[in-house]
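# An overview of the molecular structure
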Amino acid sequence: MTRPVPGRFPGIRGSDVVKSDSNVTTRHSEIPSSPAGNGRIVAHHGISVEVLFQGEQRRMVRVKRNSGHVVGDEVSVNGELLTRLPRATELRRRDARGGVHLVAANLDALGIVMAPLSPGRFIDRAIVTSRTARLTPFLVINKCDLGEAHQLAARLRETYAASLPLFPLSATTGEGLLPLREYLATGRCGVFIGSTGVGKSSLMNALCPHIKLAVGSVGDYRSMGRHTTTVSTLHSLDGGGELVDTPGFRDFGLVDISPQDLAAHFPGFEEAGSESCRFSNCRHRSEPGCSVLRSLQQGRITRERYASFLELLDEVEAEEEKKRVRGWRS
Ligand SMILES: Nc1nc2c(ncn2[C@@H]2O[C@H](COP(=O)(O)OP(=O)(O)OP(=O)(O)O)[C@@H](O)[C@H]2O)c(=O)[nH]1
Ligand SMILES: [Zn+2]
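Residues numbered from 1 in each chain as written. Chains lettered and ligands numbered in written order. Predicted model: local features only at pLDDT ≥ 70, side-chain atom pairs only at ≥ 80, totals over all residues. Heavy atoms only, no water.

By the naming in an unreviewed UniProt entry, the chain goes by Small ribosomal subunit biogenesis GTPase RsgA and is assigned to Pelobacter propionicus. Check the Subcellular location (unreviewed entry) section of the UniProt entry for the chain; it says "Cytoplasm". Within the UniProt record for the chain, the comment given under Subunit (unreviewed entry) is "Monomer. Associates with 30S ribosomal subunit, binds 16S rRNA." (UniProt positions renumbered as here; feature names shortened; annotations may be inferred.)

Below you can see the structure in the form of structure tokens.
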């Protein structure tokens, strides 16, 4: 089954985007001439990218190792010259050493994957980062074939159901996959994030069976070189929608989030969010005329949500401080 990639290039057939990470590198040699014009980066191999053009042609184009191009970028190709077109969205993450990386461009959805026993502390951070980058977040509760997942689903529903869509499912049995397929089929281009072992690869395999990602734990297949060169790829779903596979994307530190962004995008603050505080730079801790504190008193923000907000606010302020110190040094 084929369908056009939503919105962007009417001539491109979605199901042809990338069929498997084993053959994307060779496919360009099948193309008789070198297509040019506007296209989209559907795979990144470190020193080359695969561009899919209108009319379904594709080719590899060499890039410098840190050229800044990412999967999802719309580009104009002229010979070996690649010009990036303006991006609608950029998703960035901060690694454990503080470096900032661009994950992908022009995404519009972020799937936060949870499973029993996976740490949940990053959910709020992921939601805030996603919304700040203008991506719509959604929650996937995987492994619902296991009894423990039902308690997790109930807990997450209580906290997050008013803020974003939830999809309880099982990647292995296929139970609950249909609502997620339908959600993505509305033309969304998404990526999954979640801690190791929650089942992101299993979920990708269940949603796009042609890609056959290896499933396991960090200790086995990764050390055996599942992705010998880090390859990010864009996959199209049979029923509609697209997913980016980007190995190793499990969490992200906050990148350039202000205390005001945090309050505006924090899950559970939506109802109170449209009101403004007396001070435009209010941090919602103890300032007079604070709309967040007023909502807390009125019960429109729960104590649990406010306590989680304060934890993230500490992180945001610590980042601000680091940035300030870096500014002095440079
Ligand atoms: N019971 C059950 N197990 C699952 C399900 N989905 C995945 N698993 C198992 O969970 C383990 C981890 O799955 P992966 O898909 O590799 O998890 P991942 O999130 O991609 O892990 P990393 O690549 O390390 O980030 C594997 O043993 C899977 O078989 C599910 O729906 N139910
Ligand atoms: Zn305030």
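Looking now at the coordination of the zinc ion (ligand 2). Looking at the metal site, the zinc ion (ligand 2) is ligated by Cys277 (SG), Cys282 (SG), His284 (ND1) and Cys290 (SG), spaced 2.1 to 2.4 Å from it. If you look at the zinc ion (ligand 2), its 4 donor atoms make angles of 99 to 116° with each other, and the shape they trace is tetrahedral. Here the donor residues of the zinc ion (ligand 2) share one chain and are spaced in sequence as C-x4-C-x1-H-x5-C. Take Cys277 and Cys282: they sit in the same class, and that class is buried. (Donors = N, O, S within 2.8 Å, 3.2 Å for Na, K, Ca; no water. Tetrahedral: all angles 85-135°; square planar, octahedral: opposite > 155°, others 65-115°. Buried < 20%, exposed > 50% of the residue type's maximum accessible area, 1.4 Å probe, protein only.)

Residue placement: Ser118 occurs in the loop between β8 (109-114) and α2 (122-132). The exposure class of Ser118 is buried, given its relative accessible area of 14%. Polar side-chain contacts of Ser118 include one of 2.7 Å to the backbone oxygen of Ala115. Aside from chain neighbours lying at most four places away, what touches Ser118 is Ser195 and Val198. (Helix = DSSP H or I, 4+ residues; strand = E, 2+ residues; numbered from the N terminus. Polar contact = N/O pair within 3.5 Å; in protein donor to acceptor, adjacent residues only side chain to side chain. Contact = heavy atoms within 4.5 Å.)

With that out of the way, let us pick up the packing of helix α4 (residues 177-184) against helix α5 (residues 200-207). Here α4 crosses α5 at 75°, and the two axes come no closer than 11 Å. For the element pair α4 / α5, the angle class is roughly perpendicular. Facing Leu177, Leu180, Arg181 and Leu184 of α4, the residues of α5 in contact are Leu203, Ala206 and Leu207. (Axes fitted to C-alpha atoms, helices over the stretch in contact; angles between N-to-C directions. Parallel < 35°, antiparallel > 145°, perpendicular 65-115°, else oblique.)

Glancing now at unusual backbone geometry. If you check the backbone angles, Leu117 has positive phi at about 75° while not being a glycine. For Leu117, the location among the structural elements is in the loop between β8 and α2. Phi at Lys143 takes a positive value of approximately 70°, unusual for a residue other than glycine. Secondary-structure assignment places Lys143 in the loop between β9 (136-141) and α3 (148-160). Classification of Lys143 as partly exposed rests on a relative accessible area of 28%.

What follows deals with the environment of Asp95. Relative to the elements of secondary structure, Asp95 occurs in the loop between β6 (90-94) and β7 (100-105). Along the primary structure Asp95 and Gly253 are separated by 158 residues, whereas in three dimensions their C-alpha atoms are 6.5 Å apart.

Our next topic: α5. The buried fraction of α5 is high, at 8 of 8 residues. Restricting attention to buried positions, one finds in α5 the residues Lys200, Ser201, Ser202, Leu203, Met204, Asn205, Ala206 and Leu207.

The subject of this paragraph is α3. Along its 13 residues, α3 runs 18 Å from first to last C-alpha, staying within 8% of the 18 Å computed at 1.5 Å per residue. Along α3, the residues classified as buried are Ala149, Leu152, Ala153, Leu156 and Tyr160. With its buried residues spanning 100° around the axis, α3 presents them on a single face. Residues of α3 that are exposed and point over 90 degrees away from its buried face: Gln151, Arg155 and Glu158. (Expected span 1.5 Å × (residues − 1). Arc of directions from axis to C-beta.)

Strand residues, when the strand is regular, have side chains that alternate between the two faces of the sheet. In this sheet, β7 lies alongside β6 in antiparallel orientation, the contact comprising 5 bridges. Its bridge partner being in β7, Arg94 is matched across the sheet by Val100. From the end of β6 to the start of β7, which pair antiparallel, there are 5 residues, and Gly98 there has a positive phi angle of about 95°. (Pairing = 2+ DSSP bridges.)

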